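Close look at the chain arrangement
For reference, the chains in residue letters:
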Amino acid sequence: MSWIKVCSYEDLVANAGIAVKVMDKQVAIFLDPEFNQLFALSNWDPIGKANVMSRGLMAEIEGVLTVASPLYKQKYCLSTGVCIDEDIVLPIWNVKLENDVVWLAPK
Amino acid sequence: MSNITQLIRNTDKPHLIIVGNGMVGHHFIEQLAQLGAHQNYKITVFGEEPNLAYDRVHLSEYFTGKSYHDLAMSEPSFYDNNDIAYETSARVTAIDSLAKNIQLADGREFSFEKLILATGSYPFVPPIKGHDRENTFVYRTLDDLDAIRECAQSAKTGTVVGGGLLGLEAANALKNLGLKTSVVEFAPRLMPVQLDETGGALLRNMISTLGVDVYTATATTQIVAGNDAVHRMEFANGDYLETDLILFSAGIRPQDALAKQAQLKVGERGGIVVNDYCQTSHDDIYAIGECALWEGRIFGLVAPGYSMAKVAANHILGFQGEAFTGADMSTKLKLLGCDVGSIGDAHQTTPSAKRFVYQDDFLNVYRKMVVSEDGTKLLGAVLVGDNSYYDTLLQYYLNGITLPSNPQSLILPVSDGEPVGLGIDMLPATASICSCHNVTKQDIAETISSGSMTLGEVKRVTKASTGCGGCSALLKKVVDNELLALGVEVSTDICEHFSYTRQDLYNLVKIDEIKTFKELLDKYGKGKGCEVCKPAVGNILASVWNDFVLKKEHVSLQDTNDRYLANMQKDGTYSVVPRIPGGEITPDKLIVLGEVAKKYNLYTKITGGQRIDLFGATLSELPHIWEELIAVGFETGQAYGKSVRTVKSCVGSTWCRFGVNDSMTMAIDIENRYKGLRSPHKLKFAVSGCTRECAEAQSKDIGVIATEGGWNLYVCGNGGMKPRHADLFATDLTDQQLITYIDRLLMFYVKTADRLQRTSVWMESLEGGWTT
Ligand SMILES: Cc1cc2nc3c(=O)[nH]c(=O)nc-3n(C[C@H](O)[C@H](O)[C@H](O)COP(=O)(O)OP(=O)(O)OC[C@H]3O[C@@H](n4cnc5c(N)ncnc54)[C@H](O)[C@@H]3O)c2cc1C
Ligand code: SF4
């Protein structure tokens, strides 16, 4: 797997998302500060048809951590990309944090 | 596209071949996969279209932004994973029913044990002279739509031949492609199959006012080259119509060519004859979907095709399954923005049937119920203009429920809210809720009692409401009703993380002096919070403590609009609305707004709240735009969030000869006083300089009108979807009194209202209510 360096820990926002561009694709990265857990998935909202997922609110639904699209509010599981309201899946990325540097790799 | 070389192996399993990979063919494969058919059969599907099956029902959405991938019924991996071989762009040209093999257009042959014909239907093109000229189309496949889209780019006008259901849908598509659109229908009215004369006439009126020209009772005799457009359509009555693009939608015909060639039994007017198990006249050949003729009937809808697919799959695999017993053809649709519904015997052909009719030419609605002679059963119905009556009527019809003693109440208008509904309890357990996937009330009850406790979960398990989607409102009601019956409390908790109402949370925040979401969650909630409680608590914290909402500990609570001080638009860009208190602005500031808009190429629009909205800013441009605006003294107008919006105002006594007080200054003072206040929902104000009320204060949350004796204060009005006239709260107030009263009222509202409750609804929900 080839990891790509995308940003530093300081660039992340706790309990919220940011967007980065890797290999010409927009990826949304979310930080759950409790155990410094990172999630990365496509920034493209397949229903709203815009690169906005990083700007959605993080929402925990029955124990599953999701992000709600800021456009039409569908929620996507942060770790699998599966939409819980519609039959649709967001592509997800491998993500890791090493010495305050955030790395991404395509899945 | 094909996986055939990987998958076709020499196995001694018998070969099951499916011809046609449309919606029904695909559903059949899903059924096979579910039943584990690949253990007994080698399965192969051939489809003529270049793509794997897609959702034809929503074909028109291809013109409104959806791609093939959005419409696809599954991924290719679905076929791979279930060991199903497929080949697209592969037309089957012949069947040898004795030798049991088929031939493809390229000459390859495959032998079969079982063959399923799911070849659908093709659009009928009337054999008018000139029907095959260039720039004439049909509306059935993605390829058709690609061709139409391309032609529409150079066309100005388009004409649909055929004013049935599909014809009107196609007309809408042409209109949306920017063409001046006409519809030419041979019958004396639109949608002759589903609507009666009055309904058809009303629909025609509504469609004409939308700018689509409708010609009924019009037969086209020939199509020739036009003078001003590509074609000239000549009509039997001597008139003609010139148009650049012609789209034929004059009905569909079952695609039974293969069956004819194989000498299977076909109907006189087409269609492959099948029995109750979808077998054709050859026991090992089945036909399902729109190509099949059952008891002399063709079913041009997807739901009956899905039932056939299920019946056939069970039968082939030897499972004890149900037989096909026909299907209901009732339909409800929105055509060119007009609601149309048709149930059962819409034309009142049942002898001695009686009817109830309601018609309103002002609101353009028409409703008819056809009932049995004794008035106890519903036999059919026609609805034009308002489909909110459809679900209830359909349930009465489908389940043979005895009508109430005053059946007309089912189609009479109601003064508030929804039409008279049918209590969900009244529906029998066998009532079909979703006809696409044949889900009954009982199926839903069983799904819930085996642990699916939410609407989403029920949808996923039963697939209800994932077909055409027409049943979604009914499904929700049934689910709610079942949950209630199980004693599941319908709670007033704001979400799963806090077992409190908004009002409770407000009080907790205030009394315990809680300053952050985390504190509140640790003390009174559980989990991590969600998109409901986060903004709600963020809002309460802002109301109570008035902290900067973008502080580190608050920023993740804010919706994107609050976070970026702008309103997200549908393409992900933002619109920026600087505050212009009272609508008063200097020429210099106006110039800056213009310059900024020009520099960042923003679309500008004057809002209803007397300010200027700049659309189309990207996220990265927002800081630069704000820097330039702040430099000349602008701040955000908070046209987002649950907060104070604008104070609309008239110019008042300074300029107006009727004005009795300075409404302008009062408006600016009020806006500056309350701006930034976070509240349960948005707040709008207005101030008028005299009782002529040019600022429309009586439709605002807070409305102020100048009088000879001071100010009159109106409260809790609303415009919008559910207008409410504001209540007169106090009269002849001094400036100081006015502000004190508004302060108190807003404090009470912020403290006691529900989440997302406008002042109008809040006022009516207050204990004791508001009596004037
Ligand atoms: C614009 C539009 C809107 C519609 N709206 C609705 C609606 O709101 N509600 C509703 O219930 N229905 C609606 N329908 C009808 C619905 O789409 C059909 O009932 C459904 O698609 C029928 O499925 P089918 O598989 O029988 O046929 P099809 O979906 O037509 O599939 C048949 C497939 O077989 C292929 N084929 C044919 N012959 C051969 C051959 N010899 N070899 C290989 N392949 C072959 C064809 O290319 C085609 O892909 C609509 C249809 C259209 C066009
Ligand atoms: S409300 Fe009265 S004062 Fe204000 S503009 Fe209208 S007429 Fe003039």
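Here the structure is shown first, and the text comes after it.
An account of the accompanying structure is given in this report. Because the structure is predicted, anything quoted here is derived from the model rather than measured.

Attention now goes to the environment of Ala85(B). Inspection of the secondary structure puts Ala85(B) in strand β3 (residues 84-87). Sequence spacing of Ala85(B) and Asn3(B) is 82 residues, and the spatial spacing of their C-alpha atoms is 5.8 Å.

For the rest of this paragraph, the subject is the side chain of Asn3(B). Residue and element names in this part refer to chain B. Structurally, the position occupied by Asn3 is in the segment before α1 (4-7). Within the local environment of Asn3, its side chain forms a polar contact with the backbone oxygen of Ile84, the two atoms lying 3.1 Å apart. From its side chain, Asn3 meets the backbone nitrogen of Tyr86 in a polar contact 2.7 Å long. The residues contacting Asn3, other than those within four sequence positions of it, are Tyr79, Asp80, Ile84, Ala85 and Tyr86.

Before going further, it helps to spend a moment on the sheet that holds strand β1 (residues 4-8) of chain A. Residue and element names in this part refer to chain A. If you walk across this open sheet you meet the three strands as β1-β11-β10, and the pairing is antiparallel. Each of the sheet's edge strands pairs with one partner strand only, and the pair in question is β1 and β10 (93-98). Here the strands of the sheet are splayed against their neighbours by 30 degrees on average, with no regard to which way each runs. Where β10 and strand β11 (residues 101-106) come together, six bridges link them in antiparallel fashion. Its bridge partner lying in β11, Lys96 is registered against Trp103.

Take unusual backbone geometry next. Even without glycine at this site, Asp24(A) takes up a positive phi of about 65 degrees. Relative to the helices and strands, Asp24(A) is located in the loop between β2 (17-22) and β3 (25-32). On the basis of relative accessibility, which here comes to 68%, the residue Asp24(A) falls in the exposed class. Positive phi is not limited to glycine here, since Asn364(B) has a value of about 55 degrees.

Residues and elements named next belong to chain B. Taken as a whole, this structure holds 33 salt bridges over all chains when the rule is applied. The salt bridge involving Glu635 is made with Lys675; its shortest N-O contact spans 2.7 Å. Taken together, the residues span a long stretch of sequence, with Glu635 in the loop between α20 (622-631) and β32 (644-649) and Lys675 in the loop between α21 (663-674) and β33 (683-688) at a distance of 40 residues. Look at the salt bridges and you will find they share partners, linking Lys100, Glu113, Lys114 and Asp284 into a network.

With that out of the way, let us pick up the nonpolar core. Residue and element names in this part refer to chain B. Ranked by size, the top nonpolar core spans 135 residues in total, and within it Phe28, Leu117, Leu203, Ile288 and Leu393 carry the most contacts. The element best represented in this core is helix α9 (residues 302-316), accounting for nine residues. In this structure Ile288 touches Val24, Phe28, Ile116, Leu117, Ala118, Cys278, Met308, Ala309 and Ala312, once residues within four positions along its chain are discounted. The next biggest cluster of nonpolar side chains, apart from the first, holds 50 residues, and it includes Met666, Ala730, Ile742 and Trp762.

Backbone hydrogen bonds are what pair the strands of a sheet, in a parallel or an antiparallel way. All names here are of chain B. Spatial ordering of the open sheet is given by β28-β29-β31-β30, a layout of four strands whose pairing is antiparallel. Of all the strands in the sheet, just β28 (567-568) and β30 (603-606) have a single pairing partner and so form its edges. For strand β29 (residues 574-576) and strand β31 (residues 612-617), the ladder comprises three bridges, and the chain directions are antiparallel. Looking at the pairing, Ser575 lines up with Phe615 of β31. Helix-sheet contacts for α20 involve β29 and β31, and the interaxial angle to β29 is about 5 degrees.

To continue, consider the packing of helix α12 (residues 455-462) of chain B against helix α13 (residues 472-485) of chain B. Residue and element names in this part refer to chain B. Their axes nearest at 10 Å, the elements α12 and α13 cross at an angle of 110 degrees. By the angle class used here, α12 and α13 are roughly perpendicular. Between α12 and α13 lies a crossing of right-handed hand. Across the interface between the two elements, Leu455, Val458 and Lys459 of α12 pack against Leu475, Lys476 and Val479 of α13. Partitioning the contact of α12 with α13 into residue classes produces four nonpolar, no polar and two charged.

Procedures and definitions
Residues numbered from 1 in each chain as written. Chains lettered and ligands numbered in written order. Predicted model: local features only at pLDDT ≥ 70, side-chain atom pairs only at ≥ 80, totals over all residues. Heavy atoms only, no water. Helix = DSSP H or I, 4+ residues; strand = E, 2+ residues; numbered from the N terminus. Polar contact = N/O pair within 3.5 Å; in protein donor to acceptor, adjacent residues only side chain to side chain. Contact = heavy atoms within 4.5 Å. Pairing = 2+ DSSP bridges. Axes fitted to C-alpha atoms, helices over the stretch in contact; angles between N-to-C directions. Buried < 20%, exposed > 50% of the residue type's maximum accessible area, 1.4 Å probe, protein only. Salt bridge = Lys/Arg side-chain N within 4 Å of Asp/Glu carboxyl O. Core = buried A, V, L, I, M, F, W, Y, C linked by side-chain atoms within 4.5 Å. Parallel < 35°, antiparallel > 145°, perpendicular 65-115°, else oblique. Left-handed = near helix turned anticlockwise from the far one by under 90°. Nonpolar A, V, L, I, M, F, W, Y, C, P; charged D, E, K, R; others polar.

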